[in-house]
Amino acid sequence: MSEESNAVTHPFLDLAPLSAAHFASIEDRVARLLSTEQDVVITQGEALLPLEGAIRGTAGPGTTALNVITGPYGQTFGDWLRDCGATVIDIVVPFHTAVTAAQVRAAFAEHPSIDFVSLVHAEAATGNTNPVAEIGEVVREHGALFYLDAVASIGAEPVLPDAWGVDLCVIGAQKAMGGPAGVSAVSVSERAWARMAANPRAPRRSYLSLLDWKERWVDGGRMALLHAPAQLEMLALEACVERIEGEGLGAVMDRHASAAAATRAGAVALGGGLEPYVHRAEDAAPVATTLRVPAGTDATVLVARALTADPALPLVAGGGALAKEMIRVNHYGPDATRGVVHSCLAAVGAALAESGHVVDLEGARRAVTESWSGRG
């Protein structure tokens, strides 16, 4: 065999290096997606990278943090804050609902030293979404730094860090944006940069360091990258943003809202003991719909049955303690379509019927169609 025939060739392996200017142009497009004038840094890893980096950069022993827990990510943020030495006040609300601005205001009244607020916008794992605009008003009144996880919400519902007074807004492309998981982004206010610069515990010369990006990338006019970028993921992110721009962000969000409303309506009509996990529709996230299975039914078994005919359907059982009681319909990105909603509910309905539950498949189909058409 010749040496030439042994060579490994693939177009993805022979791309020109991603230039700093190209990298910066993708950051600019992400900034436009967020309608922000803040600095936007695209970080070279899944969204947990900037989520942790932002907390470790701004929190320390002198921080008093209000941490809102409406799902598993809020719990994680509290752990990071405590590990940084911060004093943490948790607001824990049932996962079937959302936190309110009144609860946040009451926490400030009881703990006036709060200077940091961490919140998840939409919890895809539990299917709820929080009223960030209203909470942002309360946070601004008290001058605290506002940290927001918008990884699941971006593309499914409005995410407006400037209008809402968000100082650190982290997004990822792998859910509603329909893009890659290997890169993420964070918008950073001037107040947040100043907090990091004043924090002796902020990571430096570290993959977690946002200050490194500030000093060596942003302040340098974005002329030289810190390290070799994740080229394929960056190009995939660019293509993803380009697709959203082509469809229109408003249309993308409308598609997700329609999918959520139709899934909820279809699940109610399906019956068989299935019901929305999030009680109020206004608290339900557009990115994914969570459903409570009938008593005595194991959600993991039900999902396995539902996926028998089509394993590609975006159906999963809940995570952790919710694994036996919750089904999640991940109608996000390319799966935010009426066809996917129909198929998911039909599969769940068939699995329920196989388990001996009485369901109305035609009623569910009709409810999905009517809900989707009614939003058109």
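Residues numbered from 1 in each chain as written. Predicted model: local features only at pLDDT ≥ 70, side-chain atom pairs only at ≥ 80, totals over all residues. Heavy atoms only, no water.

Engineer: When you look at the overall build of the protein chain in this model, what are you seeing that I'm missing?
Structural biologist: Helices and strands together make up the secondary structure of the protein chain, namely 14 helices and 13 strands. Taken against the 2.2 N^0.38 rule, which gives 21 Å for 376 residues, the C-alpha radius of gyration of the protein chain at 22 Å falls within 12% of a compact globule. Viewed in the frame of its principal axes, the protein chain has a C-alpha envelope of about 75 × 65 × 40 Å. A burial count over the protein chain gives 54% of its 376 residues as buried. For the protein chain, contacts bridging at least 24 residues in sequence account for 70% of all contacts bridging at least 6. Entry remark: accessible area of the protein chain is about 15,500 Å², with carbon and sulfur atoms responsible for 55%. Across the protein chain, the mean location of the 27 positive side-chain charges is 3 Å away from that of the 43 negative side-chain charges. (Helix = DSSP H or I, 4+ residues; strand = E, 2+ residues; numbered from the N terminus. Rg over C-alpha atoms; globule rule 2.2 N^0.38 Å. Buried < 20%, exposed > 50% of the residue type's maximum accessible area, 1.4 Å probe, protein only. Contact = heavy atoms within 4.5 Å. Areas by Shrake-Rupley, 256 points an atom, 1.4 Å probe, with all protein chains shown as cover. Lys, Arg positive; Asp, Glu negative; His and termini not counted. Charge placed at Lys NZ, Arg CZ, Asp CG, Glu CD.)

Engineer: Please explain a nonpolar patch on the surface as it appears in this structure.
Structural biologist: A cluster of nonpolar side chains, F12, L13, L15 and L232, forms an exposed patch at the surface whose accessible area comes to about 410 Å². Locating L15 in the fold gives a position in the loop between α1 (3–6) and α2 (20–33). Classification of L15 by relative accessible area gives partly exposed; the value is 38%. (Patch = residues over 30% accessible without salt bridge, like charges linked within 9 Å, V, L, I, M, F, W, Y side chains within 5 Å. Salt bridge = Lys/Arg side-chain N within 4 Å of Asp/Glu carboxyl O.)

Engineer: In this structure, what is going on with the sheet that holds strand β8 (residues 168–172)? I would like to understand it.
Structural biologist: Pairing between the strands of a sheet comes from backbone hydrogen bonds, and it takes one of two forms, parallel or antiparallel. Ordered by their spatial adjacency, seven strands build an open sheet running β1-β9-β8-β7-β4-β2-β3, and the pairing between neighbours is mixed. Of all strands in the sheet, those bounded by a partner on one side alone are β1 (39–43) and β3 (87–92). Strand-to-strand twist across the sheet, computed as the mean angle between neighbouring axes with direction ignored, equals 15 degrees. Both strand β7 (residues 145–149) and β8 contribute to a ladder of three bridges, which runs parallel. Across the sheet, the residue bridging to L148 is C169, located in β8. The sheet strands contacting helix α3 (residues 48–58) are β1, β4 (116–120), β7, β8 and β9 (184–188), and the helix crosses β7 at an angle near 165 degrees. (Pairing = 2+ DSSP bridges. Axes fitted to C-alpha atoms, helices over the stretch in contact; angles between N-to-C directions.)

Engineer: Honestly, the pairing of β8 in this entry has me stumped. Any pointers?
Structural biologist: Regular strands show a simple pattern: their side chains alternate between the two faces of the sheet. In terms of burial, β8 is largely enclosed, as five of its five residues are buried. The alternating pattern of β8 places L168, V170 and G172 on one face and C169 and I171 on the opposite face, and all of these are buried. Strand direction decides the pairing type here: β8 and β9, joined by five bridges, are antiparallel. Looking across to β9, one finds that V170 is bridged to V186.

Engineer: Explain the environment of E247 here, please?
Structural biologist: Inspection of the secondary structure puts E247 in helix α10 (residues 231–247). Excluding residues within four positions of it along the chain, E247 makes contact with V252 and R255. A polar atom in the side chain of E247 sits 2.9 Å from the side chain of R255. (Polar contact = N/O pair within 3.5 Å; in protein donor to acceptor, adjacent residues only side chain to side chain.)

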